[in-house]
Amino acid sequence: MSIRVYNTLTHKKEPFKTIEDKKVRLYVCGPTVYDNAHVGHAMSTLVFDIIRRYLEYRGYQVQHVMNYTDVDDKIIRRANALGKDPQQLAQTYIDKYDQHLSDLNILPATFKPRATGEMQNIIDFVQDLIEKGFAYVVDGDVYYRVRKFEPYGKLSHRNVDEMRSGARIDVDERKEDPLDFALWKAAKPGEPSWHSPWGEGRPGWHIECSAMSMAHLGDQIDIHGGGNDLVFPHHENEIAQSEALTGREFATYWMHNGMLQLSGEKMSKSVGNLITIEDFLKDHPADVLRLMVLNSGYRSPLTFNDEVIEQAHKALERLQSGLKPDLPGAEGAPAEDITALSDQCKATRSGFETCMDDDFNSAGALGNLFELVRVINQARANGATLQQLDEAQALLRELSSVLGLRLENGQTSHAADAFINLLVELRTELRAKKEWELSDRIRDQLLELGVVVEDSVKGSTWYWQ
RNA sequence: GGCGACGUGGCCAAGCUGGCAAGGCAAGGGUCUGCAAAACCCUCAUCACGGGUUCGAAUCCCGUCGUCGCCUCCA
């Protein structure tokens, strides 16, 4: 009964062992805040939220860091194009992203550092690398000496010599080797910059994560996560920086989520096939997106299209159906239904854990929840009372929330309930008098207001859609 | 071109340290019902293709085809 985790480093599922007992240090690469985030970003953050929630369910205390890259070429370029201050632009998108995370029911990270807030850590880190001979200064730029770090390529499984031929981007003559990457960039006129021993400048992207991870989680962490498009060069470079500095293994497990696919292609800014989180949430509950993520393996590409969204919608309603109250006039289900319920509860919890223990197999775990729903609904159909359903429904709620599903309709106010009850009661009287036309009209119009009325022989129930 | 992942019913997918192919959606049939909806019951796949290993393979090995990712900013 232990958790197994697929490690990009080894290409294998490995038993999960933390550095410190029952404590997990988790670092996940966050967004560069230069534009609205899209559902691909949401997928990544959902994946690691699910992982975090499950680890907590399993009794781990999770120290979770997610960074914001708030200084970078793209931010500067966009700010200039819009005639805005880069820092303000970044702040705008940080605020928006924070709101998205909350809308998506993503647990707030323990720390959410920003590159601009960590300048001293970054500068110290770079200075240390220079002193150790892993970096060199050229005209106010600082570069990492890739060939000096022996294991370079161990994460992305490439070797340095093969990469050389692939390095076809403008070779900077000032670098010792085309593979070397920037740790610090000298400021150009008008760019945001910070004082450093090498002059005014700003950090490169890769060093930020290494520095922030180390500052908040220490030299060694348990899990480093991110999208699989970050494996090379970003994470490879993080390893090079961090391990050169400390001489110790940076992260035990490297976990990478697959890309969200829109019409057969990775959703990305450069392809231009974006759906923003904002737009998605305008049309769909957050649970729908989460369900889409849960329904496929986190490492696989996620198919994203209208049909799949619709399917997730229906699947969500199916899960919610398990939480409906007993039928009107329920008088108790036969003993075999009650036995089946409690058997299923045991089977569901253990099946759920077996799946999630196996590299967070959320699709399998979901399958277990759907089986629980079926047995609950069977019992209800056979007259189970709310009390008889209680244990199973509580379990359904509990495990759904481990996956981060709310399963609620978002209706927080019950102010209207009394009025709706009244309408439904009146309608029951109309039905008794066979006034079908009027009672159907009430049902239809309530539906338009978001209230679903369900009739049965013994009466009617209603709920918010 | 190099490295890697993947290819399971109409759709999304689990299973892949080998032994009767989860689950959701859709579809068809039925129960219930004034109608509708919901719920319940039933039906619906031999796992890209070709070889091989094995008593036995969706699961292991080789090859072919196809899709996708990375190699450049990217969750």
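Residues numbered from 1 in each chain as written. Chains lettered and ligands numbered in written order. Predicted model: local features only at pLDDT ≥ 70, side-chain atom pairs only at ≥ 80, totals over all residues. Heavy atoms only, no water.

### Quick word on the overall build of chain A
Part 1 of the argument: Per the secondary structure count, chain A includes 15 helices and 15 strands.
Part 2 of the argument: Its C-alpha atoms give chain A principal-axis dimensions of roughly 90 × 50 × 35 Å.
Part 3 of the argument: When contacts within chain A are restricted to residue pairs at least 6 apart in sequence, long-range pairs at least 24 apart make up 77% of them.
Part 4 of the argument: Carbon together with sulfur atoms contributes 49% to the accessible area of chain A, which is approximately 21800 Å² in total.
Part 5 of the argument: Placing the 52 positive and 71 negative side-chain charges of chain A at their respective mean positions leaves the two points 1 Å apart. (Helix = DSSP H or I, 4+ residues; strand = E, 2+ residues; numbered from the N terminus. Contact = heavy atoms within 4.5 Å. Areas by Shrake-Rupley, 256 points an atom, 1.4 Å probe, with all protein chains shown as cover. Lys, Arg positive; Asp, Glu negative; His and termini not counted. Charge placed at Lys NZ, Arg CZ, Asp CG, Glu CD.)

### A look at the pattern of salt bridges
Part 1 of the argument: Applying the stated criterion across every chain yields a total of 33 salt bridges.
Part 2 of the argument: Where Glu-278 meets Lys-96, a salt bridge forms, and the shortest distance between an N and an O atom there is 3.5 Å. A residue pair is termed long-range when its members are at least 10 positions apart, and Glu-278 in helix 8 (residues 277-283) and Lys-96 in helix 3 (residues 86-103) qualify at 182 residues.
Part 3 of the argument: On the basis of relative accessible area, Lys-96 is assigned to the partly exposed category, the value being 28%.
Part 4 of the argument: Through salt bridges that share partners, Arg-427, Arg-431, Asp-440, Arg-443 and Asp-455 make up one connected network. (Salt bridge = Lys/Arg side-chain N within 4 Å of Asp/Glu carboxyl O. Buried < 20%, exposed > 50% of the residue type's maximum accessible area, 1.4 Å probe, protein only.)

### Structural notes on the packing of helix 10 (residues 306-321) against helix 12 (residues 362-381)
Think of two packed helices as two axes; the pair is described by the angle between the axes and how far apart they sit.
Part 1 of the argument: Where helix 10 contacts helix 12, the two axes come as close as 8 Å, and the packing angle between them is 50°. With respect to their mutual orientation, helix 10 and helix 12 come out oblique. When the axes of helix 10 and helix 12 are compared, the crossing they make is left-handed. For the pair helix 10 and helix 12, contact is made by Ala-315, Arg-318, Leu-319 and Ser-321 and by Leu-366, Leu-369, Phe-370, Val-373, Arg-374, Asn-377 and Arg-380, respectively.
Part 2 of the argument: Considered class by class, the residues forming the contact of helix 10 with helix 12 number six nonpolar, two polar and three charged. (Axes fitted to C-alpha atoms, helices over the stretch in contact; angles between N-to-C directions. Parallel < 35°, antiparallel > 145°, perpendicular 65-115°, else oblique. Left-handed = near helix turned anticlockwise from the far one by under 90°. Nonpolar A, V, L, I, M, F, W, Y, C, P; charged D, E, K, R; others polar.)

### Details of the sheet that holds strand 8 (residues 201-203)
Part 1 of the argument: Spatial strand order, 5-6-7-8: four strands in an open sheet with antiparallel pairing. Both edges of this open sheet fall to strand 5 (135-138) and strand 8, since each of them pairs with a single strand only. On average, adjacent strands in this sheet sit at an angle of 20° to one another, irrespective of strand direction.
Part 2 of the argument: Along the sheet, helix 4 (residues 119-131) contacts strand 5, strand 6 (141-144), strand 7 (181-186) and strand 8; its crossing angle with strand 7, the most-contacted strand, is approximately 120°. (Pairing = 2+ DSSP bridges.)

### Here's the deal with the confidence of the model for chain A
Part 1 of the argument: Scored by pLDDT, chain A has a mean of 93; 97% of the residues are at 70 or more.
Part 2 of the argument: Interface confidence in the predicted complex, given as ipTM, is 0.95; pTM for the same model is 0.96. (pLDDT = per-residue confidence, 0-100.)

### A closer look at the sheet that holds strand 4 (residues 61-66)
Part 1 of the argument: Taking strand neighbours across the sheet as the criterion, the four strands line up as 4-3-9-10 in an open arrangement whose pairing is parallel. Strands at the two margins of the open sheet, each flanked by one partner only, are strand 4 and strand 10 (251-257). The average angle at which neighbouring strand axes cross in this sheet is 20°, direction not considered.
Part 2 of the argument: Here strand 9 (residues 221-227) runs beside strand 10; their pairing, made up of six bridges, is parallel. Looking across to strand 10, one finds that Ile-223 is bridged to Tyr-253.
Part 3 of the argument: Packed on one face of the sheet, helix 1 (residues 39-57) meets strand 3 (23-28), strand 4, strand 9 and strand 10 and runs near 135° to strand 10.

### With respect to the environment of Leu-423
Part 1 of the argument: Turning to its location among the elements, Leu-423 is positioned in helix 14 (residues 417-432).
Part 2 of the argument: Judged by relative accessible area, Leu-423 falls into the partly exposed class, the value being 35%.
Part 3 of the argument: Leu-423 sits 19 residues away from Ile-442 along the chain, and the two C-alpha atoms are 7.9 Å apart.

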